[in-house]
Amino acid sequence: METKLHPETLCIQAGYSPKNGEPRQIPIVQSTTFKYDTSEDMGKLFDLEADGYFYSRLANPTCDAVAAKICALEGGTAAMLTGSGQAANFLAVFNIASCGDHIIASSAIYGGSFNLFSVTMKKMGLETTFIDPDCTEEELNAAFRPNTKAVFGETIANPALTVLDIEKFARAAHAHGVPLIVDNTFATPINCRPFQWGADIVTHSTTKYMDGHASAVGGAIVDSGSFDWTAYPDKFPGLCTPDDSYHGVTYTERFGLAGAFITKCTAQLMRDFGCIQSPQSAYLLNLGLESLPFRMKQHCANAQAVAEFLQSHEKVKWVKFAGLKGDKYYDLAQKYMPNGTCGVISFGLYGGRKAAETFMKHLKLGSIETHVADSHTCCLHPASSTHRQMTDAELDAAGVGADLIRLSCGLENAQDLIADIAQALDEV
Ligand SMILES: *Cc1c(COP(=O)(O)O)cnc(C)c1O
């Protein structure tokens, strides 16, 4: 599919083109396995010498069609779906970094990713240095070590809502011969395409805006094809030297820079970890993608209206939303996401923790959920839910103060949302 087509067109057409008499919508290939006439035919698939499917733990046609659509939206060369955003970030990092290696990650990232890097991957022997995304280039450059294999950040951090200076991070990564991996979940490729700014790999929790209806957990990994692994063969032996588990294939030689990363990730990691997305979920994800550009516009417009209302309200102490003039990240957002950021706002009330709990109890349209970025407006008070084991001091250190309310604006009418918020504020 030509990538010069506009996102609205790609969201409908990319990834799947039915031939004469074939189904209009992407078929759900609900099959664990695929049938072949000869062992020789199947052998070629196992040797990665022929294209095709043999077992849905590694790859499935429904998943691949939807991955191809996301690939076109991001402007990448290859992509794959995973069972969750957590799996996408784990595989994207683990594909190039393992025991004895080191990565640098923005400290303002999703709690699940922070835990993955700081606890679970650490147990696997991979060390992470967390760095303030607003650090200077000098501080960023000083974090690199000889065994650093990747740099990781989020376009818009969940829930801190910081905006990543992608160019700054890409420059530092490339100066040290490693790729920049960007989790683009909150912005989506409708509002930001990190490859244009120098990112090399993009990941997604498709659970959020891409699915957009709170219906299916999933993830995706997209490769730009632009990072030259072969310039650093000692750093990336997994991509540049023969893989004994695949009859000595060298991924960069056989599949080129356009296909090496995703082919290795599928052939090795998906084979061994088995965290693929189900074809049913991929089908639901695809329905979400079809309307993504229109939904993002509405999410952003609703969030803008709600943020402006909150900012002008006497009971509201502070509001964070990169679309607000005067927000710390307004300028970065204008540069990287001139058409809008996302539908998520965070704010605090005078009266702190107690006021937050009272406010949320009285919301009628906005429901309390550990979720964001779907069609239904929802909110969360991390201090009394996801982060309730932390003291107030620990909450402040994590950038999630005891008063912080995270509000994800859905697709409802903005005036209805504002009226609901206003009546809940009256109760505080
Ligand atoms: C939710 C989220 C994840 C994790 O995704 P799951 O689909 O829940 O596994 C990763 N990154 C970001 C930015 C997220 O918001």
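All values reported here derive from a predicted model rather than from experimental measurement. (Residues numbered from 1 in each chain as written. Predicted model: local features only at pLDDT ≥ 70, side-chain atom pairs only at ≥ 80, totals over all residues. Heavy atoms only, no water.)

Quick look at the overall build of the chain now. Looking only at helices and strands, the chain features 16 helices and 12 strands. The C-alpha radius of gyration of the chain comes to 22 Å, within 12% of the 22 Å expected for a compact globule of 428 residues. Taken across its 428 residues, the chain has 55% of its residues classed as buried. In the chain, the proportion of contacts linking residues at least 24 apart, taken out of those at least 6 apart, comes to 73%. In the form shown here, the chain has an accessible surface area of approximately 17,700 Å², with 52% of it arising from carbon and sulfur atoms. The averaged location of the 48 negative side-chain charges in the chain is 3 Å from the averaged location of its 33 positive side-chain charges. (Helix = DSSP H or I, 4+ residues; strand = E, 2+ residues; numbered from the N terminus. Rg over C-alpha atoms; globule rule 2.2 N^0.38 Å. Buried < 20%, exposed > 50% of the residue type's maximum accessible area, 1.4 Å probe, protein only. Contact = heavy atoms within 4.5 Å. Areas by Shrake-Rupley, 256 points an atom, 1.4 Å probe, with all protein chains shown as cover. Lys, Arg positive; Asp, Glu negative; His and termini not counted. Charge placed at Lys NZ, Arg CZ, Asp CG, Glu CD.)

What follows covers the sheet that holds strand 4 (residues 148-154). Reading across from one edge, 1-7-6-5-4-2-3 is the order of the 7 strands in this open sheet, with mixed pairing throughout. With partners counted over all chains shown, the strands left at the sheet margins are strand 1 (78-82) and strand 3 (127-131), one partner each. In this sheet, adjacent strand axes meet at a mean angle of 20° when their direction is disregarded. The pairing of strand 6 (residues 201-205) with strand 7 (residues 219-223) spans 5 bridges and is classified as antiparallel. The residue of strand 7 that forms the bridge with valine 202 is valine 222. Packed on one face of the sheet, helix 3 (residues 61-74) meets strand 1, strand 6 and strand 7 and runs near 125° to strand 1. Across the face of the sheet, helix 5 (residues 111-123) comes into contact with strand 2 (102-106), strand 3 and strand 4 while running at roughly 135° to strand 3. (Pairing = 2+ DSSP bridges. Axes fitted to C-alpha atoms, helices over the stretch in contact; angles between N-to-C directions.)

This part takes up the confidence of the model for the chain. Overall, the predicted model of the chain reaches an average pLDDT of 95, with 99% of residues at or above 70. Averaged over each element, pLDDT in the chain is lowest for helix 15 (residues 392-397) (79) and highest for strand 7 (99). (pLDDT = per-residue confidence, 0-100.)

Around the ligand sit 14 residues in total, of which Asn158, Asp183, Ser205, Thr207 and Lys208 are the nearest. Glycine 85 is positioned such that a nitrogen or oxygen atom in its backbone is 2.9 Å from an oxygen atom of the ligand. Considering the ligand on its own, with 380 Å² of exposed area, one finds that the protein chains cover 92% of that surface. The greatest single-element share of the shell around the ligand, amounting to 3 residues, is contributed by helix 4 (residues 85-94). (Near = heavy atom within 4 Å. Polar contact = N/O pair within 3.5 Å; in protein donor to acceptor, adjacent residues only side chain to side chain.)

With respect to the secondary-structure elements, histidine 371 resides in the loop between strand 10 (367-368) and strand 11 (378-380). There is a polar contact of 2.8 Å between the side chain of histidine 371 and the side chain of aspartate 374. Dropping the residues within four chain positions of it, histidine 371 is found in contact with Thr207, Lys208, Ala214, Cys378 and Arg406.

Okay, the layout of surface pockets next. In this structure, the largest pocket occupies an estimated 690 Å³ of space. Taken together, 29 residues make up the lining of the largest pocket; nearest its centre are Asp51, Ala59, Asp64, Thr263 and Thr266. Mapped by element, the contributors of at least two residues to the lining of the largest pocket are helix 3, strand 1 and helix 10 (251-273). Looking at the lining of the largest pocket, its residues break down into 22 nonpolar, 5 polar and 2 charged. Size it by volume and the second largest pocket reaches roughly 560 Å³. As for the second largest pocket, its lining consists of 26 residues, and the residues nearest its centre are Ser107, Ile109, Ala398, Gly399 and Val400. (1 Å grid on protein atoms, 1.4 Å probe; cavity = no way out; pocket = protein on both sides within 12 Å on 5 of 7 lines; lining within 4 Å. Points joined across faces, edges and corners; volume = space filled by probe spheres on them. Nonpolar A, V, L, I, M, F, W, Y, C, P; charged D, E, K, R; others polar.)

Counting 102 residues, the largest nonpolar core has Leu81, Leu91, Phe117, Leu180, Ile221, Trp229 and Leu239 as its most contacted members. Ignoring any residue separated from it by four or fewer positions in sequence, one finds isoleucine 221 in contact with Ala78, Ala79, Met80, Thr82, Ala88, Leu91, Ala92, Ile201, Val202, Phe261, Ile262 and Cys265. Core analysis: the next-biggest nonpolar cluster, separate from the first, contains 25 residues, Ile345, Leu349, Leu407 and Ile421 among them. (Core = buried A, V, L, I, M, F, W, Y, C linked by side-chain atoms within 4.5 Å.)

Moving on, we come to the sheet that holds strand 11. One open sheet accounts for 5 strands, arranged 8-9-12-11-10; its pairing is mixed. Looking at the sheet topology across the chains shown, the edges are occupied by strand 8 (316-320) and strand 10. The pairing of strand 11 with strand 12 (residues 405-408) spans 3 bridges and is classified as antiparallel. Counted as the bridge partner of cysteine 379 is leucine 407 from strand 12. Where helix 12 (residues 292-311) meets the sheet, its contacts fall on strand 8, strand 9 (344-349) and strand 12, and the angle it forms with strand 9 comes to roughly 15°. Against the sheet, helix 14 (residues 352-362) makes contact with strand 9, strand 10, strand 11 and strand 12, and its axis sits at roughly 125° relative to strand 9, the strand it touches most.

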